[in-house]
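# Working through the structure, step by step
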Amino acid sequence: MKFILILFAFFLCFVSNAQDTIIDSGKPDSLKFWKVKSIYTLNGSQASFVNWNAGGRNNISALGLISTNLTFLKNHWKWANDITLALGGIQYTGKNVSKKLIKTDDKIEFSSNGGYEFKEHWYYSILGNFRSQFLDGFNLPNDSVRTSKFMAPGYVNIALGVEYAPNPRFSAFLSPVSAKITFVRDALLANAGAFGVAPATYNTDGTLASEGKQVRSEYGAYFRLIYSAALMENIEFKSKLELFSNYQNKPQNIDVNAETLFTFKINKWFSSSLQWNLIYDDDIKIIDRNGDTGPRTQFKSILGLGVSYTVQNFKDPK
């Protein structure tokens with residue numbers, strides 16, 4: 001909760017004179033080969049109830065997002081870097097309520113893609129990607145059972161392939177040679193075999209024979225599709241689809257990571273957003289409401305309204 005409050009205070013100061021800004025370095029050639037764009041958003045809500053017959057629980061919530069893109073373009077070389085940091089939560093206030101922060105979003109993602117254009121719009125590329133989270137996750141409503149934490153899981157993808165990028169709003173990357181490395185840097189989760197790592201083994205008397213593995217490596221094919229469009233003057237659409245097939249184990253069970261984001265610009269101060277995320281990973285076993293354990297399709301939907309601030313050194317393509 002302290003992190004959310006600090007983030008909230010930072011944004012209040014940062015957006016006190018906020019408006020979308022195109023920066024000028026003062027030296028025409030200093031950013032000649034770089035395109036830089038950063039988006040800062042903060043959404044929040046607060047609810048309180050006094051003698052409210054319909055019922056309700058006092059709460060305060062906040063969701064912060066930082067998204068930065070840095071792209072280097074020179075001759076036939078391209079190097080694109082994307083950083084996304086998101087953290088949000090809801091805190092119930094008042095008497096006889098849990099003081100533990102309930103997360104509504106938690107994301108760390110860094111992607112880097114370097115390529116050489118061998119034919120117009122076609123690139124030989126090498127891509128690297130890292131994903132994890134900031135805070136511990138729990139099996140709510142039981143907030144004593146931890147299900148995840150920073151680097152448990154953590155994912156690293158490395159892929160070598162070909163990218164087709166005819167314009168700044170579309171790219172398709174295909175790699176027949178890629179690696180997916182899963183980290184579970186927590187002994188309890190690793191011993192349980194969480195996120196597909198090899199679990200601990202036990203003797204017949206129940207004593208621990210060997211610890212669970214904290215790293216798992218997979219090798220296979222990787223595909224990534226990115227598309228964005230300005231649907232209307234103040235409506236922006238962005239989407240990303242990632243697919244991975246493990247050559248060594250059930251290649252037909254494809255890992256899916258899909259994101260869709262609609263951004264609605266109200267004015268220079270405020271914006272709203274609608275975000276959908278879908279994940280399917282055959283190695284992640286989830287307990288459903290009936291107590292059955294197995295791979296499940298994970299889905300997240302977030303609707304936000306708040307302040308937004310953009311800094312960039314170029315004009316967006318139409």
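Residues numbered from 1 in each chain as written. Predicted model: local features only at pLDDT ≥ 70, side-chain atom pairs only at ≥ 80, totals over all residues. Heavy atoms only, no water.

Counted by the stated rule, this structure contains 13 aromatic pairs. Measuring from centroid to centroid gives 4.8 Å for Trp122 and Tyr164, while their planes differ by 40°, and the two rings are tilted. Within this pair, whereas Trp122 is found in strand 6 (residues 122-132), its partner Tyr164 is found in strand 9 (residues 154-167), the two being separated by 42 residues in sequence. For Trp122, a relative accessible area of 35% puts it in the partly exposed group. Here Tyr164 falls in the partly exposed class, since its relative accessible area comes to 28%. Cluster of aromatic residues (ring-pair linked, three or more members): Tyr227, Phe237, Phe262, Phe264 and Trp276. Over the ring of Phe33 we find Lys74, and its NZ or CZ is 4.9 Å from the ring centre. The ring centre of Tyr123 lies 4.4 Å from the NZ or CZ of Lys78, which sits over that ring. (Phe/Tyr/Trp six-rings, centres within 6.5 Å; stacked < 30°, edge-to-face > 60°. Helix = DSSP H or I, 4+ residues; strand = E, 2+ residues; numbered from the N terminus. Buried < 20%, exposed > 50% of the residue type's maximum accessible area, 1.4 Å probe, protein only. Lys NZ or Arg CZ within 6 Å of the ring centre and 35° of its normal.)

Let us now look at the pairing of strand 2 (residues 34-47). Relative to strand 3 (residues 59-74), strand 2 is paired through 14 bridges, and the arrangement is antiparallel. For Trp34, the partnering residue across the bridge sits in strand 3 and is Phe72. Bridge count between strand 2 and strand 17 (residues 293-312): seven bridges; the pairing is antiparallel. Across the sheet, Ser38 pairs through a bridge with Val311, a residue of strand 17. (Pairing = 2+ DSSP bridges.)

Evaluated as defined, the whole model comprises 13 salt bridges. Between Lys180 and Asp281 there is a salt bridge, with its nearest N and O atoms 3.0 Å apart. Separated by 101 residues along the polypeptide, Lys180 in strand 10 (residues 170-183) and Asp281 in strand 16 (residues 270-287) bring together distant segments of the chain. Taking the relative accessible area as the measure of exposure, Lys180 reaches 5% and is therefore buried. Arg216 is paired through a salt bridge with Glu218; the nearest N and O atoms lie 3.7 Å apart. (Salt bridge = Lys/Arg side-chain N within 4 Å of Asp/Glu carboxyl O.)

Core analysis: the biggest nonpolar cluster contains nine residues, these being Ala152, Tyr155, Val184, Leu189, Ala190, Ala194, Phe195, Val197 and Ile284. Of all hydrophobic cores here, the second largest spans five residues; its members include Leu127, Ala159, Phe173 and Phe244. (Core = buried A, V, L, I, M, F, W, Y, C linked by side-chain atoms within 4.5 Å.)

A few words now on unusual backbone geometry. Negative phi is the rule for most residues except glycine; trans is the rule for most peptide bonds. That bond from Ala152 to Pro153 is cis: its omega, 10°, falls within 30 degrees of zero. Within the secondary structure layout, Pro153 lies in the loop between strand 8 (146-148) and strand 9. Residues other than glycine seldom take positive phi values, yet Met151 does so here, at roughly 65°. Here Met151 shows up in the loop between strand 8 and strand 9.

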